[in-house]
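Observations on chain architecture
Chain by chain, the residues:
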Amino acid sequence: MLTPLLTAVCVLGLLTVVPGPDLAIVTRRALVAGPRSALRTVGGIASGLLFRGVLTVAGLAAVLAASPAASLTVRLLGAAYLVFLGAQALWQNRRAAPPPAGAAARPAAGGPWRTGLLTNILNPKIAVFSTGLLPAAAPPHLPEAWGMALLVLLHVALTVAWLGGCAFLLSRAGHVLTRPRAGRALGRTTGVALIGFGGVAATASG
């Protein structure tokens, strides 16, 4: 049955496009140093995701396999995190669109790959995703470790596609992609969808 996997892909896709430090640093690189530097930054971010993913799958899967109560707790925490992100996105769009993702970003020090790697590893959103959302969204018809590993790879692929596309487009038409109206629409749609997926994750069996 593909429904759980498709749901997980939708969740990962929404989380990928939510603005955060990774998008901010890629935006900065694209606008200041061009698409090549931005793409190297994306490579560093992908490396950070893989590093966190391997550690999470290796350690968390063993804990969840030994304790159904721990599995349920982590799944509910992941669902709560989705609802929180959704509510946050809606709140930020109450009055006006948030500033462009790179507006507050400072010039990055060091090479682009290293900057992307450190930005991702030190991103608290990714830490919560790794420990809370992976078990909640993992397809129930797969073993826990395999399901989480699959989601890690899907998350990396979606992140590279999204940030790579943003790097290419922002270097040519950043003024179009950061219009306030587009930001408000994206924020509202993302907020509602994340809250809905949070409810699905909380009530799913397994």
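For the structure itself, look to the data block above.
What you see is a predicted model; the values in this text were computed from it and never measured. (Residues numbered from 1 in each chain as written. Predicted model: local features only at pLDDT ≥ 70, side-chain atom pairs only at ≥ 80, totals over all residues. Heavy atoms only, no water.)

1. Considerations on the overall build of the protein chain
- On a plain count of helices and strands, the protein chain comes out with 8 helices and 0 strands.
- Taking all 206 residues of the protein chain together, 41% fall into the buried category.
- By sequence separation, contacts in the protein chain at least 24 residues apart represent 85% of the contacts at least 6 residues apart.
- Accessible area of the protein chain: about 10700 Å², with a carbon and sulfur share of 71%. (Helix = DSSP H or I, 4+ residues; strand = E, 2+ residues; numbered from the N terminus. Buried < 20%, exposed > 50% of the residue type's maximum accessible area, 1.4 Å probe, protein only. Contact = heavy atoms within 4.5 Å. Areas by Shrake-Rupley, 256 points an atom, 1.4 Å probe, with all protein chains shown as cover.)

2. Quick look at helix α2 (residues 21-33)
- Helix length check: α2 (13 residues) gives 17 Å between terminal C-alpha atoms against 18 Å at 1.5 Å per residue, within 8%.
- Of the residues making up α2, those classed as buried are D22, L23, A24, I25, V26, T27, R29 and A30.
- One or two positions beyond α2, positive phi appears at G34, with a value near 100 degrees. (Expected span 1.5 Å × (residues − 1).)

3. Let's talk about the packing of α2 against helix α5 (residues 112-121)
- Direction vectors running N to C along α2 and α5 enclose 160 degrees, while the axes themselves pass 9 Å from each other. Considered as vectors, α2 and α5 are oriented roughly antiparallel to each other. Between α2 and α5 lies a crossing whose hand is right-handed. Taking contact as the criterion, the partners of P21, D22, I25 and R29 in α2 are, on α5, P112, T115, T119 and N120.
- Along the lines of polarity and charge, the residues of the contact of α2 with α5 split into 3 nonpolar, 3 polar and 2 charged. (Axes fitted to C-alpha atoms, helices over the stretch in contact; angles between N-to-C directions. Parallel < 35°, antiparallel > 145°, perpendicular 65-115°, else oblique. Left-handed = near helix turned anticlockwise from the far one by under 90°. Nonpolar A, V, L, I, M, F, W, Y, C, P; charged D, E, K, R; others polar.)

4. Quick notes on the nonpolar core
- Counting residues in each nonpolar core, the largest one holds 13 residues, and the members touching the most others are L133, L134, A137, M148 and L151.
- When residues of this core are traced back to their parent elements, those giving at least two are α1 (3-17), α6 (124-137) and α7 (144-177).
- Beyond its immediate chain neighbours, meaning those up to four positions away, L151 contacts A8, L12, L134, A137, A138 and P139.
- In this structure, A30, V42, C166 and L170 belong to the second largest nonpolar core, which totals 11 residues. (Core = buried A, V, L, I, M, F, W, Y, C linked by side-chain atoms within 4.5 Å.)

5. Structural notes on the environment of V83
- Mapped onto the secondary structure, V83 falls in helix α4 (residues 68-92).
- On the accessibility criterion, V83 (35% relative accessible area) is partly exposed.

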